[in-house]
Amino acid sequence: MDWDVMIADLESSFDAERRADLVAQSVELAEAEHASIELVDRLRGSVGRLIHLRTRGGVPVDGVVCRVEPSYVLVDEGEGLQAVVPVSAVATVASLAGPAPRDGRRRPTLTALMREIARRGARVRLVLGSGEVVGRLVRVGADHVDVAVDPEGGIRSRRAPGVGGAGVVSVMTAAIEVLRSR
C-alpha cells in the first residue's frame, strides 16, 4: 500500500468537504442578510427611479421616488403632483432596486411631516380606503389629523358618492393611504 497516495486522497476529501462547508455557510449568510432587508431599504435604493406602487386599498401611485423615510415615501407623480405614501399603507411595489445602506440619522416621521404641512397651510387630498378628504390640515394628533374640509373638494366616499361638506373632520392617521398635494 502506498501511504503517500492514501494521505493525498485523504487530504483531497478533507479539502472537498471544507469547500462544501464554505459554500453552505455562504448560502446561509446570504439568506440571513436578505432576510434582514426591509421594504424601506429597497425603496431607499430606488431613489431617482420610476416605481409602480399600490396601496392596501388599490390606490395607484406611479412615479419617481424622491425621498424615503422610515415611515413614508415621497413620490413625484409628474405634472407637479407629489404623493406621500405611509410605508404601512403599501401593498405592492414594482420595479424596486436593491437595498441602499442604512444610515443612523434621525429621520422625520409622517406626523412631523403633516405638522409642517399644517403650519404651511397647504391644501391636501387624503386618500383613504373609504374615499377622499380634501382640505387643509389644522391639527395633527398622535393618531389622527384634523382637516378643514374644502367646500368644493369636500369628502368623497366610495360608499356614498357625492357626499360633500365643509367643516372639520378628524381622520385616523392609520387610515391614510396617500397624501397628495401640488
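Look up a bit, the structure's there.
As the structure is a computational prediction, the values presented were derived from the model and not from experiment.

Please clarify how the overall build of the protein chain should be interpreted in this entry.
When helices and strands are counted, the protein chain shows three helices and eleven strands. Going from the N terminus to the C terminus, the protein chain shows its helices and strands as α-α-β-β-β-β-β-α-β-β-β-β-β-β. Counting only residues that meet the buried cut, the protein chain has 31% of its 182 residues in that class. Looking at the protein chain alone, contacts between residues at least 24 apart form 57% of all its contacts between residues at least 6 apart.

Before we go on, may I ask you to explain a nonpolar patch on the surface in this structure?
There is a patch of nonpolar side chains on the surface, built from Met1, Trp3, Met6 and Ile7 and spanning about 500 Å² of accessible area. Mapped onto the secondary structure, Met6 falls in helix 1 (residues 3–35).

Just to check I follow, could you spell out the pattern of salt bridges for this structure?
Should the charged atoms of two oppositely charged side chains come close, the side chains can pair. In total, this model carries eleven salt bridges according to the counting rule given. The salt bridge involving Glu69 is made with Arg107; its shortest N-O contact spans 2.6 Å. Taken together, the residues Glu69 in the loop between strand 2 (60–68) and strand 3 (72–78) and Arg107 in the loop between strand 5 (90–94) and helix 3 (110–120) connect sequence positions 38 residues apart. Since its relative accessible area comes to 1%, Glu69 is described here as buried. Between Glu116 and Arg120 there is a salt bridge, with its nearest N and O atoms 2.7 Å apart.

Please explain helix 3 as it appears in this structure.
When helix 3 is considered as a whole, its buried residues turn out to be Leu110, Thr111, Met114 and Ile117. Seen from one end, helix 3 has its buried residues packed into an arc of 115°, which puts them on one side. Exposed and facing more than 90 degrees away from the buried side of helix 3 are Arg119 and Arg120. In this fold, the buried residues of helix 3 make contact with strand 3, strand 4 (81–86), strand 6 (123–128), strand 7 (131–140) and strand 11 (176–181).

I tried to follow the side chain of Arg180 on my own but got confused; where do I start?
Take Arg180: it is sitting in strand 11. Sequence-distant contacts of Arg180, that is, excluding residues within four places in its chain, are made with Val59, Pro60, Val61, Glu77, Leu81, Gln82, Ala83, Arg123, Val124, Arg125 and Val127.

Could you clarify how one ought to interpret the environment of Ala100 in this entry?
For Ala100, the location among the structural elements is in the loop between strand 5 and helix 3. Discounting residues that sit within four places of it in the chain, Ala100 has contacts with Asp41, Arg44 and Gly45.

What counts and how
- Position numbers for residues start from 1 in each chain and track the written sequence from start to end.
- Per-residue local features are limited, in this predicted model, to residues with pLDDT of at least 70; the limit for side-chain atom pairs, both in listing and counting, is 80 or more; totals at the level of whole chains, interfaces and linings are taken over all residues.
- Hydrogens and waters are ignored; side-chain quantities use all the structure's heavy atoms.
- What counts as a helix is a DSSP run of H or I of at least four residues, what counts as a strand is a run of E of at least two, and both are numbered from the N terminus.
- Categorising residues by exposure relies on relative accessible area from a 1.4 Å probe, with only protein chains included: less than 20% of the type maximum marks a residue as buried, more than 50% marks it as exposed, and the intermediate range marks it as partly exposed.
- The contact rule is simple, with two residues in contact once any of their heavy atoms fall within 4.5 Å.
- The patch calculation keeps residues exceeding 30% relative accessible area without a salt bridge and links them within 9 Å when they carry like charges or within 5 Å when they are nonpolar (Val, Leu, Ile, Met, Phe, Trp, Tyr).
- Computed by Shrake-Rupley with a 1.4 Å probe, the accessible areas treat only the displayed protein chains as cover when residues are assessed.
- One speaks of a salt bridge when a side-chain nitrogen belonging to Lys or Arg is within 4 Å of a carboxyl oxygen belonging to Asp or Glu.
- The arc in question is formed by the directions pointing from the helix axis toward the C-beta atoms.

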